[in-house]
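Now for the letters of each chain:
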Amino acid sequence: MAKSVNPDAISILLANPSPDFSSDDPTDIVVQILDLKKAGNKFTFTASDGKMKLKAVLQSTLSSEVESGKIQNLGLISILNYTVNDIQMKNEMVFSKFLIVTKCAAVSPALEAEIKAEGKMEESGIVLKPKPEMAITSEVKSEGTGIILKPKQELVVKSAAQIVHEQNGNMAPAARMAMTRRVHPLVSLNPYQGNWTIKVRVTGKGNMRTYRNARGEGCVFNVELTDEDGTQIQATMFNEAAKKFYEKFQLGKVYYISKGTLKVANKQFKTVQNDYEMTLNEYSEVEEASNEATFIPETKFNFVPIDELGPYVNSKEFVDVIGVVQSVSPTMSIRRKINNETIPKREITIADESKKTVVVSLWNDLAMTVGQELLDVSDKSPVVAIKSLKVGDFQGVSLSTLSKSIIVVNPDTPESNKLRSWYDSEGKETSMASVGSGMITATNSGMRSMYADRVSLSHITHNQSLGEEKPVFFSIKAYISLIKPDQTMWYRACKTCNKKVTEAIGSGYWCEGCQKNDDECSLRYIMVVKVADASGEAWVSVFNEQAEKIIGCSADELDALKSQEGEGNDFQLRLKTATWVPHLFRVSVTPREYMSEKRQRITVRTVAPIDFAAESRFLLEDISKMNASQ
């Protein structure tokens, strides 16, 4: 049987513009897509049932369905979630109905032609909005006599909301809002909608901030709102509205909100995953839902694969990740420079099916609670799902938790089950690489390869004035030509904060940063090595993480090799093995004075192995540029 449209689909949509999506037996609404066009990050089309047509918009979350070819022009879709709104046209009294599709399923690819029922097609959607009170005139024609009777009667039209409001005028404000309007899910809201009421929990609240611009001074604050489905939106209040609602909005409480406005979210400043952001003014209604059952929002994740974190580095957009825990560090105490306050920190390393790893820093309570839980079960390689992480550029790419971050250990979700199955079958035996290897931050819009800003060593060493105002950065390809075995290659470090420790009186080690004694300490690299390329050579400073990649072992392991008796031992062999190996380096250059002599300080910031395929492409491109310039 050939697939076709529901012949009454448009009539069903118009008759029920704001349906209750919780119905267990939804109506099957199948329409044909006509005139499919892209408009910004959305797609517009005309919905047709063969008899009637209705202008429509696909939400941006469905754009991928169009781009992948699942939804096609002249194809059929089943509408599962929608809202029909009146949008005012240029003429004040004329409105056009628009179908906002928030969820649908493709039924059929493009058909050969437009489906048309017998008879004339009707274009629906243009309506005239009557005033609240108006005279209704009926016209009756008497057959055969030609006499036209035009009786006139006055009729006062009242909306259902007005009637319910009159009946429930003495109810509490929050209950009145719940009774007079259907509560809309956040996913169904859009800028074209009229009146709506939402029921949300405050899951984030910012501080009151002041600003000054050409129009004068003002104040502003924002909140993050989450509904029962886990959908989030950011609401911002300025000046009078900010003063009115700042004390009213309390973190963790549930509210009914209406009479707000929506606009397309500014991606540069948005902190939640939503196409829109909300603005509340002094006339908006906000009432706490205190005398009824509230809800705990369902945590919804929008996972970003670890190997796709690059474009989010140093941006204001937060990410959600899921991964298998590879390692968990002990708790560290970090002293803030801004207020000298000491806060706990713990680092975990996670991996996913992209075969990449990334370090996630857990701060404050998360380091002490969930962090300790992960440390206790780290030998079982648990799966963690983390919501709202900031992406930084430490070691190329790194993640940090925020006050609003949520961590779920071993979640019962399809993504978690799939990741666990992959790890148990092949992941645990797979060689993993850090997502930051070979990459370095360029701009807020993404990552720059270690092949960018490539210079020769002579370019650095022959320009002694480099970095006089501020450090300058370059990428180089060079060989390790010499590592002096008699130099001081490491220092004793605190296991908590990594700062230098001294031997305490009696026994143990004293850390000035943590202000405590510890029975043990760790060794961390701080060394200089000579590097060389075709243009020359230079001494560079290398610190712990970069030195471990060059030497191939930790400072503690190298110290153990050095302590072995006999000449020609494994210590010398380890250093010899590390020389004449090519690496890609990202270095910083600053001037310094030594014995009244001006010198350069070249410090390795990132080190990565040679990617020979990328290196070949770089050289071919360089040759092409040289040929073009001749």
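Residues numbered from 1 in each chain as written. Predicted model: local features only at pLDDT ≥ 70, side-chain atom pairs only at ≥ 80, totals over all residues. Heavy atoms only, no water.

**Remarks on the sheet that holds strand S31 (residues 501-503)**
Strands sit in the order S31-S32-S33 across an open sheet of three strands; the sheet is antiparallel. The open sheet has two edge strands with one neighbour each: S31 and strand S33 (516-518). Neighbour-to-neighbour, the strand axes of the sheet open up by a mean angle of 35°, direction not taken into account. With three bridges joining them, S31 and strand S32 (residues 509-511) adopt antiparallel strand pairing. If you follow Glu 503 over to S32, its bridge partner there is Tyr 509. (Pairing = 2+ DSSP bridges. Helix = DSSP H or I, 4+ residues; strand = E, 2+ residues; numbered from the N terminus. Axes fitted to C-alpha atoms, helices over the stretch in contact; angles between N-to-C directions.)

**So, the packing of helix H11 (residues 555-562) against helix H12 (residues 570-578)**
Each pair of packed helices can be described by the angle between their axes along with the distance between the axes. Following both chains from N to C, one finds H11 and H12 inclined at 130°, their axes separated by 7 Å at the closest point. Classified by the interaxial angle, the pair formed by H11 and H12 is oblique. Of H12, the residues touching H11 (which contributes Leu 558, Leu 561 and Lys 562) are Asp 570, Phe 571, Arg 574 and Leu 575. A breakdown of the residues in the contact of H11 with H12 according to their chemical character gives four nonpolar, no polar and three charged. (Parallel < 35°, antiparallel > 145°, perpendicular 65-115°, else oblique. Contact = heavy atoms within 4.5 Å. Nonpolar A, V, L, I, M, F, W, Y, C, P; charged D, E, K, R; others polar.)

**As for the packing of aromatic side chains**
Under the definition given, this model contains eight aromatic pairs. Measuring from ring centre to ring centre gives 6.1 Å for Phe 245 and Phe 249, while their planes differ by 50°; the resulting arrangement is tilted. Judged by its relative accessible area of 2%, Phe 245 falls in the buried class. Taking 6.4 Å as the distance between ring centres and 45° as the angle between the ring planes, the aromatic pair formed by Tyr 479 and Trp 580 counts as tilted. Taken together, the positions of Tyr 479 in strand S29 (residues 472-482) and Trp 580 in the loop between H12 and strand S36 (582-594) put the pair 101 residues apart, joining distant regions of the chain. Through pairs of rings, three or more aromatic residues link up here, namely Phe 245, Phe 249 and Tyr 255. Above the plane of the ring of Tyr 246 lies Lys 205, whose end atom (NZ or CZ) is 4.1 Å from the centre. (Phe/Tyr/Trp six-rings, centres within 6.5 Å; stacked < 30°, edge-to-face > 60°. Buried < 20%, exposed > 50% of the residue type's maximum accessible area, 1.4 Å probe, protein only. Lys NZ or Arg CZ within 6 Å of the ring centre and 35° of its normal.)

**With respect to a nonpolar patch on the surface**
A cluster of nonpolar side chains, contributed by Leu 482, Val 528 and Trp 539, occupies part of the molecular surface with about 230 Å² of accessible area. Along the polypeptide, Trp 539 turns up in strand S35 (residues 536-543). (Patch = residues over 30% accessible without salt bridge, like charges linked within 9 Å, V, L, I, M, F, W, Y side chains within 5 Å. Areas by Shrake-Rupley, 256 points an atom, 1.4 Å probe, with all protein chains shown as cover. Salt bridge = Lys/Arg side-chain N within 4 Å of Asp/Glu carboxyl O.)

**Quick notes on the side chain of Thr 46**
With respect to the secondary-structure elements, Thr 46 resides in strand S2 (residues 42-48). Assessed through its relative accessible area of 13%, Thr 46 is described here as buried. Ignoring any residue separated from it by four or fewer positions in sequence, one finds Thr 46 in contact with Gln 32, Ile 33, Leu 34, Asp 35, Lys 53 and Leu 54.

**Brief notes about the side chain of Asn 274**
Note on placement: Asn 274 falls in the loop between strand S17 (261-264) and strand S18 (276-280). Here the side chain of Asn 274 touches Gln 232 through a polar contact of 2.6 Å, landing on its backbone oxygen. Separated by 3.0 Å, the side chain of Asn 274 and the backbone nitrogen of Tyr 276 make a polar contact. Beyond its immediate sequence surroundings of up to four residues, Asn 274 is in contact with Thr 231, Gln 232, Ile 233 and Ala 265. (Polar contact = N/O pair within 3.5 Å; in protein donor to acceptor, adjacent residues only side chain to side chain.)

**A closer look at the nonpolar core**
Counting residues in hydrophobic clusters, the biggest one holds 35 residues, and the most contacted among them are Ile 460, Ile 483, Tyr 525, Met 527, Ile 551, Leu 558 and Phe 585. Not counting the four nearest positions on each side in its chain, Ile 551 is found in contact with Ile 483, Tyr 525, Met 527, Leu 558, Arg 574, Leu 575 and Ala 578. Residues Val 319, Val 325, Val 358 and Val 360 belong to the second largest nonpolar core, which totals 25 residues. (Core = buried A, V, L, I, M, F, W, Y, C linked by side-chain atoms within 4.5 Å.)

**Side note on the pattern of salt bridges**
Per the counting criterion, the structure on display carries 18 salt bridges. Residues Lys 53 and Glu 114 are paired through a salt bridge, measuring 3.4 Å at the closest nitrogen-oxygen approach. Of this pair, Lys 53 sits in strand S3 (residues 52-58) while Glu 114 sits in the loop between strand S5 (94-108) and strand S6 (122-123); the two residues are 61 residues apart in sequence, bridging distant segments of the chain. A salt bridge links Glu 615 to Lys 477, with the shortest nitrogen-to-oxygen separation between them at 3.8 Å. Here Glu 615 is found in helix H13 (residues 612-629), whereas its partner Lys 477 is found in strand S29, with 138 residues between them in sequence. Among the residues examined, Glu 615 registers a relative accessible area of 5% and is labelled buried. Through salt bridges with shared partners, a single ionic network connects Arg 454, Lys 477 and Glu 615.

The values are spatial; any link to function lies outside them.
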